[in-house]
Amino acid sequence: MPKISDQYRDERRAHILAAARRCFLRDGFHETSMQDLVREAGVSSGAVYRYFPGKDAMIVAIAEENLRDVVAIVRESARTAAGPGEAVAATLEFLSARHAEDGFAAIALLVWSEALRNPALAEHLRKSFEAAAAALTGPAEHAGALVDVLLCVLPGYLLQTAIRGPGSVAAIPSAVHTLFAGKPSTGHEN
């Protein structure tokens, strides 16, 4: 039997998680069964269970993937941006693009609400947030301010994106950049 490559495993796992995202966005965590996930992924149940022992593991994996992506873009923005405003704006623009691709903001809200009823998920998220904050406070001169602002701004931004739609936050990245630059914003800059 041919050996399965790490790349194949990673692609298969990503495929299953993408199917889980679609199911969770469409039906929520509690209305989605493992059979729904298997059907959406178009793979055998054994293939799904090979990567994830159940829905909770998928929820955690999606949350970790989202957080990992946010940490990566924040790190890059903090490293290359002229200041915290530009870095926050770049992060928010990334989140808008990701939400358009795969419902990022809505999944974040689902995960956060699930954490209110699932203590194990809440603890896992708490540790992940602490690790992300520690990873982000680093060499960039404005990293500490950036992390503090993001921890306050991101949840509201994602909530508005998920509930009111991407248009409701379209001017926010520019406004954040302008506010950090010390100039008044009319909210209509582009």
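Where an unreviewed UniProt entry is consulted, the protein appears under the name TetR/AcrR family transcriptional regulator, with the organism given as Amycolatopsis iheyensis.

Trainee: I tried to follow the packing of helix H1 (residues 6–31) against helix H6 (residues 104–117) on my own but got confused; where do I start?
Mentor: Put simply, H1 and H6 touch, their axes get as near as 10 Å, and they point 35° apart. Two packed elements cross with a definite hand, and for H1 against H6 that hand is left-handed. Contacts between H1 and H6 involve Arg-21, Phe-24, Leu-25, Phe-29 and His-30 on the former and, on the latter, Ala-106, Ile-107, Leu-110, Val-111, Glu-114 and Arg-117. Partitioned by chemical class, the residues of the contact of H1 with H6 number seven nonpolar, one polar and three charged.

Trainee: When you look at the packing of aromatic side chains in this model, what are you seeing that I'm missing?
Mentor: The relative placement of two aromatic rings is captured by the distance of their centres and the angle of their planes. Following the criterion strictly, the structure yields one aromatic pair and no others. Here Phe-24 and Phe-29 contribute two aromatic rings whose centre-to-centre distance is 4.6 Å and whose plane-to-plane angle is 80°, an arrangement assigned as edge-to-face. Residues Phe-24 and Phe-29 agree in their burial class; the two are buried.

Trainee: Please explain the nonpolar core as it appears in this structure.
Mentor: Among soluble globular proteins, nonpolar side chains are generally buried collectively. Judged by nonpolar contacts, the single largest core of 28 residues is most densely connected at Ile-16, Phe-24, Met-58 and Val-111. Where this core is concerned, the elements lending two or more residues are H1, helix H2 (34–41), helix H3 (45–51), helix H4 (55–80), H6 and helix H7 (119–136). Here the element with the most residues in this core is H1; it accounts for seven residues. Once residues within four sequence positions are removed from consideration, Ile-16 is found in contact with Ala-41, Val-43, Ala-47, Val-48, Tyr-51, Phe-52 and Met-58. In this structure, Val-88, Leu-150, Leu-154 and Tyr-157 belong to the second largest nonpolar core, which totals 14 residues.

Trainee: I'm lost on the UniProt feature "DNA-binding region" (unreviewed entry) in the protein in this one. Help?
Mentor: UniProt annotation of "DNA-binding region" (unreviewed entry) refers to residues 33–52 when read in the numbering used here. This span, residues 33–52, is 75% helix and 0% strand, and a straight line between its end C-alpha atoms measures 13 Å.

Trainee: I would appreciate a short explanation of the pattern of salt bridges in the present structure.
Mentor: Between side chains of opposite charge, pairing is possible as soon as their charged atoms come close. All told, the structure shown has 13 salt bridges when counted by the stated rule. For Glu-65, the salt bridge goes to Arg-21, with nearest N and O atoms at 3.0 Å. Taken together, the residues Glu-65 in helix H4 and Arg-21 in helix H1 connect sequence positions 44 residues apart. With respect to burial, Glu-65 and Arg-21 carry one shared label: buried. For the salt bridge of Arg-79 with Glu-76, the shortest nitrogen-to-oxygen distance reads 2.9 Å. Here the residue Arg-79 and the residue Glu-76 both occupy positions in helix H4, the gap between them amounting to three residues, near one helical turn. Using a relative accessible area of 60% as the deciding quantity, one classes Arg-79 as exposed. Residue class for Glu-76 comes out partly exposed when judged on its relative accessible area of 36%. Put simply, Arg-21, Glu-65, Asp-69, Arg-98 and Asp-102 are held in one network by salt bridges that share partners.

Conventions adopted
Residues numbered from 1 in each chain as written. Predicted model: local features only at pLDDT ≥ 70, side-chain atom pairs only at ≥ 80, totals over all residues. Heavy atoms only, no water. Axes fitted to C-alpha atoms, helices over the stretch in contact; angles between N-to-C directions. Helix = DSSP H or I, 4+ residues; strand = E, 2+ residues; numbered from the N terminus. Left-handed = near helix turned anticlockwise from the far one by under 90°. Contact = heavy atoms within 4.5 Å. Nonpolar A, V, L, I, M, F, W, Y, C, P; charged D, E, K, R; others polar. Phe/Tyr/Trp six-rings, centres within 6.5 Å; stacked < 30°, edge-to-face > 60°. Buried < 20%, exposed > 50% of the residue type's maximum accessible area, 1.4 Å probe, protein only. Core = buried A, V, L, I, M, F, W, Y, C linked by side-chain atoms within 4.5 Å. UniProt positions renumbered as here; feature names shortened; annotations may be inferred. Salt bridge = Lys/Arg side-chain N within 4 Å of Asp/Glu carboxyl O.

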